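Here is what each chain is made of, one letter per residue.
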Amino acid sequence: MLERQRRVSAAIMPPCLSQGRGFIYNARMDGITGLIKAQFEVSFAMLADEIEACPDSLWLEKAGGFPIWQQILHALHGAAYWLRPGSEEFPEPFPGRKLYPELDGEAEGSVSKEELLSFAREVESRARRFFSLLRDEELQRPSWIEPSARTFDLIAGQLRHLMYHAGHCDSALRERGIATPPWREVGRAIGQGQDSTR
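Note that the structure is a prediction, hence the values are computed from the model and not measured.

Points about the pattern of salt bridges
Right, so step 1: This structure, assessed with the given rule, holds twelve salt bridges.
Right, so step 2: For lysine 37, the salt bridge goes to glutamate 41, with nearest N and O atoms at 2.8 Å. In this pair, lysine 37 and glutamate 41 are both assigned in helix α2 (residues 31–53), four residues apart and thus about one turn of the helix distant.
Right, so step 3: Residue classification places lysine 37 among the buried positions, given a relative accessible area of 7%.
Right, so step 4: Here glutamate 41 falls in the buried class, since its relative accessible area comes to 6%.

Structure (C-alpha cells):
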C-alpha cells in the first residue's frame, strides 16, 4: 500500500512555486510525514492567497469580531508557535506593537499586507525546517512543546486552524461580492475563485 501511495504521490505532486509568490509546496517526500507536509503547504498557500485577494478597502474591516489582517496574523502566529523545530525559540512577531495575535484584545494599529506576507514567509520557512527534521515515528510521540499531545495532533490542529481562518476570510470576501482565490489541491490550483467547488 505504501509503495502505491508513493507512486501516486509522485505522479500528482510535482514540485512547483505557488503562483510566483514564494510559497513553495513540494510533496516529494516519503512516508506519512511527507503527505502531511504537502497538506500543510497547500493549506498555508490558501491562507496566503487570502492576503493577496483581500482588497485594501476590506483589510482593516472587522469580520467576525476582528479585522481580516488580525484573523490571518492569528493563524500565522499559531503555525509559527506550534510548528518550529527542536527547542527553537519562538520570536513574537512585530515586537513592541499591540496587535494581539491571540485575538485577546483590540489591536492598536494594524499590519500591512506586505508585512503580513513577509511574516508568512518566515513562518513557512520555519515550518519547512520543522517538517524536514520530522520523521514518521515521531508523529506518535509527545510534542516537545506540549508533552500532553502527540506531534501529529498538533500538526493536524494547525491544518484545521489554517483552513478555518482561510475559510473565514474567504467568506468575508464572498459576502461583499469580491472574487475569492481558487481552491488548491496538492500540486495544482483548481477553479477560478467564486466559481470553484469550495
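Thoughts on helix α6 (residues 151–175)
Right, so step 1: Look at α6: 36 Å from first C-alpha to last across 25 residues, which is about the 36 Å you get at 1.5 Å a residue.
Right, so step 2: Looking at the residues trailing α6, positive phi occurs at glycine 177, about 70°.

A word on the nonpolar core
Right, so step 1: Membership of the largest hydrophobic core comes to 40 residues, with the highest contact counts inside it found for Ile68, Ile72, Leu76 and Leu116.
Right, so step 2: When contributions to this core are tallied by element, the ones reaching two or more residues are α2, α3 (56–59), α4 (68–82), α5 (113–133) and α6.
Right, so step 3: Setting aside residues up to four positions removed in sequence, isoleucine 68 forms contacts with Cys54, Leu58, Trp59, Glu61, Ala63, Cys169 and Ala172.

Section: the packing of aromatic side chains
Right, so step 1: The full count for this structure, using the stated rule, is six aromatic pairs.
Right, so step 2: Between phenylalanine 40 and phenylalanine 131 the ring centres are 5.5 Å apart and the planes differ by 40°, which places this aromatic pair in the tilted class. Of this pair, phenylalanine 40 sits in helix α2 while phenylalanine 131 sits in helix α5, placing them 91 residues apart in sequence. For the pair phenylalanine 40 and phenylalanine 131, a shared accessibility class is recorded, and that class is buried.
Right, so step 3: Ring geometry for tyrosine 81 against phenylalanine 90: centres 5.2 Å apart, planes inclined by 80°, an arrangement best described as edge-to-face.
Right, so step 4: Among the residues examined, tyrosine 81 registers a relative accessible area of 29% and is labelled partly exposed.
Right, so step 5: Put simply, the rings of Phe40, Phe44, Phe130 and Phe131 touch in pairs and so form one group of aromatic residues.
Right, so step 6: Lying over the aromatic face of tyrosine 81, arginine 84 brings its terminal NZ or CZ to 4.5 Å of the ring centre.

Regarding the state of the cysteines
Right, so step 1: Under the counting rule described, the total for this entry stands at zero disulfides.
Right, so step 2: Free cysteine: cysteine 54, not disulfide-bonded; nearest cysteine sulfur from cysteine 169 at 7.2 Å.
Right, so step 3: Given a relative accessible area of 1%, cysteine 54 falls into the buried group.
Right, so step 4: A relative accessible area of 2% places cysteine 169 in the buried class.

So, the layout of surface pockets
If a probe as big as a water molecule is rolled over the atoms, it shows which places are left empty.
Right, so step 1: Estimated volume of the largest pocket: approximately 240 Å³.
Right, so step 2: Forming the walls of the largest pocket are 16 residues, and the residues nearest its centre are Phe130, Leu134, Glu138, Trp144 and Thr151.
Right, so step 3: Elements represented by at least two residues in the lining of the largest pocket include exactly α5 and α6.
Right, so step 4: Per-element tally for the lining of the largest pocket: the top contributor is α6, with three residues.
Right, so step 5: Classifying every residue of the lining of the largest pocket gives eleven nonpolar, three polar and two charged.

Remarks on unusual backbone geometry
Right, so step 1: The phi dihedral of phenylalanine 94 is positive, around 55°, even though this residue is not glycine.
Right, so step 2: Tracing the chain through its elements places phenylalanine 94 in the loop between α4 and α5.
Right, so step 3: For leucine 103, which is not a glycine, the phi torsion comes out positive at approximately 60°.
Right, so step 4: In this structure, leucine 103 sits in the loop between α4 and α5.

Details of the packing of α2 against α6
Right, so step 1: The contact between α2 and α6 brings their axes to 9 Å, and the two run at 25°. Judged on the interaxial angle alone, α6 and α2 are roughly parallel. Crossing geometry of α2 relative to α6 is assigned as left-handed. Of the residues in α6, those in contact with Ile36, Gln39, Phe40, Ser43, Phe44, Met46, Leu47, Glu50 and Ala53 of α2 are Phe152, Ile155, Leu159, Leu162, Met163, His165, Ala166, Cys169, Asp170 and Leu173.
Right, so step 2: The residue makeup of the contact of α2 with α6, split by class, is 14 nonpolar, three polar and two charged.

Thresholds applied
Residues numbered from 1 in each chain as written. Predicted model: local features only at pLDDT ≥ 70, side-chain atom pairs only at ≥ 80, totals over all residues. Heavy atoms only, no water. Salt bridge = Lys/Arg side-chain N within 4 Å of Asp/Glu carboxyl O. Helix = DSSP H or I, 4+ residues; strand = E, 2+ residues; numbered from the N terminus. Buried < 20%, exposed > 50% of the residue type's maximum accessible area, 1.4 Å probe, protein only. Expected span 1.5 Å × (residues − 1). Core = buried A, V, L, I, M, F, W, Y, C linked by side-chain atoms within 4.5 Å. Contact = heavy atoms within 4.5 Å. Phe/Tyr/Trp six-rings, centres within 6.5 Å; stacked < 30°, edge-to-face > 60°. Lys NZ or Arg CZ within 6 Å of the ring centre and 35° of its normal. Disulfide = S-S within 2.5 Å. 1 Å grid on protein atoms, 1.4 Å probe; cavity = no way out; pocket = protein on both sides within 12 Å on 5 of 7 lines; lining within 4 Å. Points joined across faces, edges and corners; volume = space filled by probe spheres on them. Nonpolar A, V, L, I, M, F, W, Y, C, P; charged D, E, K, R; others polar. Axes fitted to C-alpha atoms, helices over the stretch in contact; angles between N-to-C directions. Parallel < 35°, antiparallel > 145°, perpendicular 65-115°, else oblique. Left-handed = near helix turned anticlockwise from the far one by under 90°.

Any functional reading would require information beyond the geometric quantities listed.
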